[in-house]
Structures are given as C-alpha cells and as structure tokens.
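# Structure assessment
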Amino acid sequence: MTTTSPTTPATAPTTTPTRTGAGLSAKDAAQRLAEDGPNALPGGQQRSLLSIALDTVREPMFLLLLAAGTLYMAFGDLQEGLTLFGFVVITLGLTLYQEGKTERAIEALRDLTSPRALVIRDGAPQRIAGRDVVRGDLLQLSEGDRVPADALLVSADGVQADESLLTGEPVPVSKRAALAANPQADDTARPGGDDLPTVYAGTLIVQGHALARVVATGARSEIGRIGTALGTLDNERSPLQKQTAQLVRNLALLALALSLALVLVHGLVRGDWLQALLAGIALAMAMLPEEYPVVMTVFPALGARRLSKEGVLTRRINAIETLGATTVLCSDKTGTLTGNRMTVTHLAAGGVALTDRLALEAGGESPLPEAFHTLVEFSILASVVDPFDPMEKAFHQLGERFLTDTEHLHRDWRLVQTYALSPALRAMSHVWAASDGTTQTVAAKGAPEAVMDLCHLDDAQKAHVASLVDELAAEGLRVLAVSQGRFEGQDWPANEHDFDFTFVGLLGLADPVRPQVPAAIAECRAAGIRVVMITGDYPATAQAIARQAGLAESAAEMLSGDEMATLSDTALRERMANVSVCARIAPEQKLRIVQALKARGDIVAMTGDGVNDAPALRAAHVGVAMGQRGTDVARESASLVLVDDDFAAIVRAVRLGRRIFDNLRKAMSYILAVHVPIAGMALLPVLFGWPALLFPMHIALLELIIDPACSIAFENEPAESDVMQRPPRDANAPLFGGVTLWLALLQGLGVLAAVMGAFAWAAPRLPEAEARAFAFATLVVGNLALILSNRSATRPVWATLRTPNTTLWVVVVLALALLLAALYVPWAVGVLRFAPLPAHELAAACGLGLLSVFWFEVIKGVRRTRGGSR
C-alpha cells in the first residue's frame, strides 16, 4: 500500500506536471550513452580472474601443494614434483571456474537490483536501469523515488527532497519548476537551498511528483564531483559464515598441531625427515576443510541467481539463510494477493440518499445513465492528471468509455491546488480553474468515512451510506466516495475541511485475487507458515478478499487499525497470535505489527512498497519490496524484491530458501565426513608403523573429486519432496551441529574403518604398491558412497537414485574415470606409487567402499520411523 507523506500541503499554487515533450528518442539516448558513458560512479567492480587467482594462491591448501611440490623438486624427485605442480594448475583452474561463476552471479544480481529510473523516450514512459540515464532524458519523479541523475525540474507539484546525502542536513527542502523564460538562470543552484529547481543524483523525493530534465550524469553529477561511492550488495558476514569460519579455524589449528606432532614423531622414530615433512603436509591437507568457505560463498550466490529466475531479486544475500526459517509471512493485499488491475464495477449516485445504483457489465456497450455522469466526472477531477496508479487509471478509463462526447470531461481546465492523502485524512482533493477564470471547482475522493467527514454528514446519513459501503465491500470491492464543492478567490484554506463539500456518491472497484494465490497460501499452511494479510482497505472488503484467498474464516481473526491503536504493545503481541487479516492499517502501524510478531518469537517476512513501509521492511527478518509499484526507498530497505509483485513468488522463494539450506547442510555433512577417512589414513598407518598410504599427490587427487562434489553437485540437488510439508527450522539452531555433526563424524568413521580394514588385509598379502592401490580404491568408492548417502538424511540411497541431478552423475563418472586412470595408466601408476589391480581386487575394493556407508542406511530407517530432522 503506497501512502503519501502526511505533511501539510503548500498553501501556494503549485505547478502541475504535464507532458512537456516526447523526451529523447531511443537513437539519441544510445548516442549520448556512448558519448558520456554509463550513469555510474566508480566502485563495486567485479573481481577479475587475476584478482581471483591472486587470492587463490594465498589459500592454505594451495600453499601446502606448492610446498610439497617444491620439496619433491628440491630432493630430486622431478616426476612427483611436476605432478604436484600439475595438480596446482588444475586446482587453480577449478577455483577460477567456481569463483568466476559466483562472481558472474553476484554481478548479475548487482545489475538486476541497481536503481531504476522512469523516463519518457519516444513519447512513452519506460523504466530503465539507472546507469542507462543520459543527458537530456526526461525523468518522471514521484514520492519515494531516488533521483538517478542531476536534473532541472520542468514541472513540479508539491515536491520536497531529502538532500542529506549531499548536505548532511536531515530537513527536506522544497522544489519548484525552473523558469520557463530563462532556465539557464537556475543552473548555478547548489544542494540544500529551499525553493530551487534542481534535484541531484542520490537524493530522495519525499513528497510530490515532477518532471525533470537530466543535466549531468555519473562522475559529472554533484555526487560524482564530491567523490562519494554508492553502495552495492551488502558484504557483511552472515551468522552461518561466522559459524563456519569458527569451525574452519578450529580444525585448521588442530591440523597444524597434529601435523607438527606427526613430523616430529616420524622424523625422530624413523630418521627420514623428508618423508616426515611430506607426511605432515599430507595430514594438514587431509584435515584442512578448505571447502567450507567455498560452499558458503557458492551456495548463496548461485541460490540468489536461482531466486532471480523465480522473479525474486536478492539485495542482501544473507536473507536466503532466513527464508527457510520464516514462520509468519505478512503480505499486502493490493497488487500482491490481488492483481492490482482495478476496474469500476459498481456505481451509487444521487447524493447522500444514493437513490441511483448500477452494476457495470464488463465490455458492455450500453450508455451510462445521466444520473451517474457527475459521479464519474468528479472521480476523474479528484484523480492525478496523468495517472500511473491502477485505481486512478480505472476512473480515467471509465470517463473515456462513457463521457467522451459529453460536457463532463474538462481537458481545458487547469489544476491550481492539491491536497494530498494523509494518515489523518484518507482523502485527496483537487482545485480546478476553468478556462474562463470563473469560480473554481473542488473535487475530493477517498475512504467513505473520510469523505463523509468532509461533507459533515449527520449520524443517520453516515449510517445510510455505511450500510451500502458494507454491502459492496462484502463482495470484495474497494469502495471510494466522491464529493464536490466550489471556491472563489485565491486564498485557499490550509486543509480540506474548510471547503463546503457536497456528497456525490460511491464507486466500487474490483481487484480480483490472483489465480495462483489460494494454492500458494495452502502451501504456506502445509509448511507451517502463517500468512497475515495487511491492507488499508475497508474491513468488510478485506475479509471478503481473505476468504477468496483462503485466509480468514471468522471475524475474530481480523484486527482493524482503530482497534490496534487502542492496544498496548503487550496486548498487541497476544492479539497477533491468531490474527490473519489486518484492515484499515496505516503504513506506520506495520512496524508495530512486525515488532509484536518478533516479540512472540516469530521469524517475520514483510512486504511493502511505500516510503512509510521502510521501517517495517528494515525491522522484519526478511523485508520484501515490490518491484513494479514499490518506491526506491522501500527497495533499498528490503532484503528481497519481487519483480512482478506476485505473492506466489514469495512462496517459491521460501521453497527455494529451504532447498538451499538443506543442500548447504548436506554439503557440509559430506565435507566433514569425507575428511575423517582421509585424515585418518594420512595419520594412522604412520602411527602403526605401516607403510605410508597417502602422500600429498593422493590428497590433491582426492580434492579433485571433493571440490566439485560439494560446490557443484550438492548445489544442484533438487528439493526434498517434503520440503514444504515440514515446519520451519529453528532459526537459532546451528546449521551444522548436534545430531548432524555427530552423524557426519560417524559416516566418516565408517568409511575410515572400511579403508583401514582393506589396508590391514592387503598389506601383509599384497605388494606395498598394490596394497596402497587397493586401499585407495576403497577410499575413492567410499567417497562416492558418501556423496550418494548424503543426498538425503532420511531417504535410502536407492530412493535417491531416482532423483534427477545430472551434475552429480557427471561428478561420479569423472571420479570413476580418474580412479581407473590412476590405477591403470602407466605414468599415473608410477607417480602415485600404485600397482594395477586385478579385476577381482578392484571389485572387492568397490564392494568395501559401498558397504562402508551401508550401515548408515539403518540409521536413516530409524530416523524415518521417528520423524527425525534433516
């Protein structure tokens, strides 16, 4: 719901925006864009491949690989040294691919979420990216818009701007149109002064609307000269990122301590310090979970890109974490639950008596009876001249349909004064001067109770009008009242109450519920998410729409703005336990609703589109702004932006948020589980006095499987079938802890036991190289079994095999091909200190690897019967 600022309108005449030209042509705009460059300031640039490469070579895993390769080369083992350096190049290539993909996703989000501008080009308004605005563009500016470039006002209606970004002064300043006779006289205006005709890039329109001609863009604008860089996507670390960083730090310190201890023990006991150093490096590589930061970067970034394909833009990537935990979803009615395609369907005229009533037929050709002409006439006069709001468009369309050949359309009249809608009075008034300069006409429209108040109706008259309002509202119609008046002179009153208004009639507008909304709300209910509809509409209208959408079942589930105003914060918190419809709510009351729900322990997602919605959007755990009708202020305050303002897109976003969180947990479980057998096999054979099983090149080879598995395969895993049939997760519970952590460790210990058993059996029976190959094959297949097992914490492996994930199967096939190459390509066999395995030994190793996680299927079965969490 967009509501204008409650400031008192100016008492002096204002210049009304009108069409003052066709704006630039597309050809001219493209030429100026090529000449001047994009309307952007330095900063927020995409990382280059070179910078990604430089960051990569500073990673601990990369440095360990370089150290091991250098050691081999220094002690004359050229072949193994070159092999490790080859792994270095491959690792660098994989990192560049993954990081590059992530950077492209983030850059695409920056482009999608960058400020937009409404310009007139080729005679038609169109919304473009702010960076595409050029000199000479004609901007349409309204309350809540962020000005995209320095511009001179061609026309202005009650415009005030917040220029604190440039001046530091928080008080808005008034604006006027430039002098038509000599616009150059205003070119020297500086930010911060009152009654100036210039608006500046980065400042905010807090009241009114205007047309403005762009005079400077990018670095040539006022903000460009100051050198201020505008922010892009937030880069603060999320709770999950902090939790993961702590886990990585602890494991890294443990890896360092154990590696140093292993080097000392191996060197002192066996006297082979080269092998001791290599064993220490291998253990450090095996224990270092360098994949965790990768998945914490890749999953949210690619998840945000997936959200954009669902019609939801992510301004703050951290909000993806919270989506799956949302317990209450507060949604606007108009344009979100409904289509915001309003049509006038009912008319009631005849003054207070409302003796004439008419239901309009869609597409009907019958002429409109004379009794309703005045009602339609004054509904148009009380509307914006060149409207964008669907409701105001509906009144103009009604006039074009029925009044075109009558005296009731006044294209030659001049708008001389406006009184804006405010929370104190939900009505707006326009004062018009006829071309002959005679008595001025006043037209008002708004909420029925507000217009009745303007007309000073007595209680009986109000009750009579209210009964018809209730009747129309019960059909789900938005009902507005219209009044008319006359005024002489130029000394306009400070507020509308001082006019002498006469009640004209009522209009009922239909705005049907979007077809997909009832199913989306039912899906929310199944997912344990309570939907609360918030609207400024009449209570009866709100209840009718709620019933159509599948929300309210009784009047007890509705809270009105008037009732809310009487409740204390504690009482409101208790009242919100069962409310599903909030009607006649002012934008500033949304903040109290959010705070009350949060005080109850709910995780709140809130939609909004107006300037006054910004505090509530910021206060909510997930603020959701409207992409089509939302103001720039609302979008800047929100975490997510709906491209088409569709409620079903929010539900799709919640589903995808749960999927991303599930897959993140699966990947992290797999990472911990797979590092247990690798670290164990790097440490235990040395401690037991057996031949070393894993050297640095083996760890590097395993990383070629682990990295794509955790960062690509799991990211592409489809959502669980019951993802929207379970309650929201506990937002305070750690992503990776408790039962999940211990089950991952148990999985890893199971694979370690199988690999240790394979090596213990093979070592006394087979040559050392063949025994190492046998154990390594068991480890690789156990690794692949872990991937398959972690696709679901409850469904058995054979059930997950039917779930499509092409990327995962590509990773599995490539891993098996890599294993076969390591075992049977002569060059690889020599470098890796393997010996080719006979077919029966390879089959036995594969069987042991698969059996290493089979016991976990029993635990899954127990969790299924007990309804365990994922």
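Anything mentioned here points back to the structure above.
Residues numbered from 1 in each chain as written. Predicted model: local features only at pLDDT ≥ 70, side-chain atom pairs only at ≥ 80, totals over all residues. Heavy atoms only, no water.

## As for the pairing of strand S15 (residues 478-487)
As a reminder, the rule being used: Accessible area is worked out with a 1.4 Å probe on protein chains only. A residue is then buried under 20% of its type maximum, exposed over 50%, and partly exposed in between. Secondary structure elements are defined from DSSP: runs of H or I of at least 4 residues count as helices, runs of E of at least 2 residues count as strands, and each element is numbered from the N terminus. At least two DSSP bridges between two strands are needed for those strands to be called paired.
The element S15 is largely enclosed, with a buried count of eight among its ten residues. Examined bridge by bridge, strand S14 (residues 440-446) and S15 share seven bridges and lie antiparallel to one another. In the strand pairing of S15, Val442 is matched with Gly485. Pairing geometry for S15 and strand S16 (residues 501-510), over eight bridges, is antiparallel. Counterpart to Val479 in the pairing with S16 is Gly508.

## Section: the nonpolar core
Put simply, the test is: Residues enter a nonpolar core if they are buried and are Ala, Val, Leu, Ile, Met, Phe, Trp, Tyr or Cys, with the set joined through side-chain atoms within 4.5 Å. By definition in these notes, contact holds between two residues if any of their heavy atoms fall within 4.5 Å.
Among the nonpolar cores identified, the biggest contains 83 residues, and Val295, Tyr670 and Ile678 are the most heavily contacted of them. At 15 residues, the largest contribution of residues to this core is made by helix H23 (residues 647-687). Those residues in contact with Ile678 that sit more than four places away from it in its chain are Ala286, Leu694, Ile699, Leu702, Ile706 and Leu779. Counting residues in hydrophobic clusters, the runner-up holds 43 residues, among them Val517, Ala546, Val624 and Met626.

## Let's talk about a nonpolar patch on the surface
The test is simple: Put simply, a patch holds well-exposed residues, over 30% relative accessible area, that have no salt bridge, with like charges counted together within 9 Å and Val, Leu, Ile, Met, Phe, Trp or Tyr side chains within 5 Å. Per-residue accessibility takes into account occlusion by the displayed protein chains alone, with areas from the Shrake-Rupley method and a 1.4 Å probe. Salt bridges are identified by distance alone: a Lys or Arg side-chain nitrogen within 4 Å of an Asp or Glu carboxyl oxygen.
On the surface, a nonpolar cluster with roughly 740 Å² of combined accessible area is contributed by Leu264, Val265, Leu268, Val269, Trp273, Leu687 and Phe688. The element contributing the most residues to the nonpolar patch is helix H7 (residues 239-270), with four residues. By the element assignment, Phe688 lies in the loop between H23 and helix H24 (696-713).

## Remarks on the sheet that holds strand S22 (residues 640-642)
Note the following rule: The axes used here are C-alpha line fits, helices contributing only the stretch in contact, and every angle between their N-to-C directions lies in the interval 0 to 180 degrees.
On the basis of which strands lie adjacent, the open sheet formed by eight strands has the order S8-S22-S21-S20-S9-S17-S19-S18 and mixed pairing. One side of each edge strand has no neighbouring strand; the edge strands of this open sheet are strand S8 (312-314) and strand S18 (558-560). With direction set aside, neighbouring strand axes in the sheet form an average angle of 20°. Bridge count between strand S9 (residues 328-332) and strand S17 (residues 530-534): five bridges; the pairing is parallel. Each bridged residue has a counterpart across the sheet, and for Ser331 the counterpart in S17 is Met533. Strands S17, S18 and strand S19 (581-583) of the sheet are contacted by helix H17 (residues 539-549), whose axis makes an angle of about 155° with S19. Each of S9, S17, S19 and strand S20 (604-608) is contacted by helix H20 (residues 587-599), which is oriented at about 170° to S20, the strand it contacts most.

## Things to note about the environment of His410
Locating His410 in the fold gives a position in the loop between helix H13 (390-402) and strand S12 (414-419). The class for His410 is buried, based on a relative accessible area of 18%.

## Quick look at unusual backbone geometry
At Leu354, a residue that is not glycine, the phi angle is positive and equals roughly 50°. As for its placement among the helices and strands, Leu354 is situated in the loop between strand S10 (343-349) and strand S11 (356-359). Judged by relative accessible area, which is 1%, Leu354 ranks as buried.

## Topic: the packing of aromatic side chains
Under the convention used in this document: The criterion for an aromatic pair is that two Phe, Tyr or Trp rings (for Trp, the six-membered ring) have centres within 6.5 Å, with stacked assigned to planes under 30 degrees apart, edge-to-face to planes over 60 apart and tilted to the rest. Criterion for a charge above a ring: Arg CZ or Lys NZ at most 6 Å from the ring centre, at most 35 degrees from the ring normal.
Applying the stated criterion to the full structure yields ten aromatic pairs. Three or more aromatic residues joined by ring pairs form one cluster here, namely Tyr419, Phe487, Phe499 and Phe501. Note that Arg729 overlies the ring of Phe661, its terminal NZ or CZ placed 3.6 Å from the centroid.

## Side note on the packing of H24 against helix H28 (residues 806-824)
When two helices pack together, their arrangement is given by the angle between their axes and by how far apart the axes lie. Heads up, the rule is: In these notes the angle categories are as follows: under 35 degrees is roughly parallel, over 145 is roughly antiparallel, 65 to 115 is roughly perpendicular, and the rest is oblique. Residues are grouped as follows: nonpolar covers Ala, Val, Leu, Ile, Met, Phe, Trp, Tyr, Cys and Pro; charged covers Asp, Glu, Lys and Arg; every other residue, Gly included, is treated as polar.
Put simply, H24 and H28 touch, their axes get as near as 10 Å, and they point 175° apart. Considering the angle they form, H24 stands roughly antiparallel to H28. Facing H24, whose interface residues are Leu701, Leu704, Ile705, Pro708, Ala709, Ile712 and Ala713, H28 presents Thr807, Leu808, Val811, Ala815, Leu818 and Ala822. Here the contact of H24 with H28 is composed, by residue class, of twelve nonpolar, one polar and no charged.

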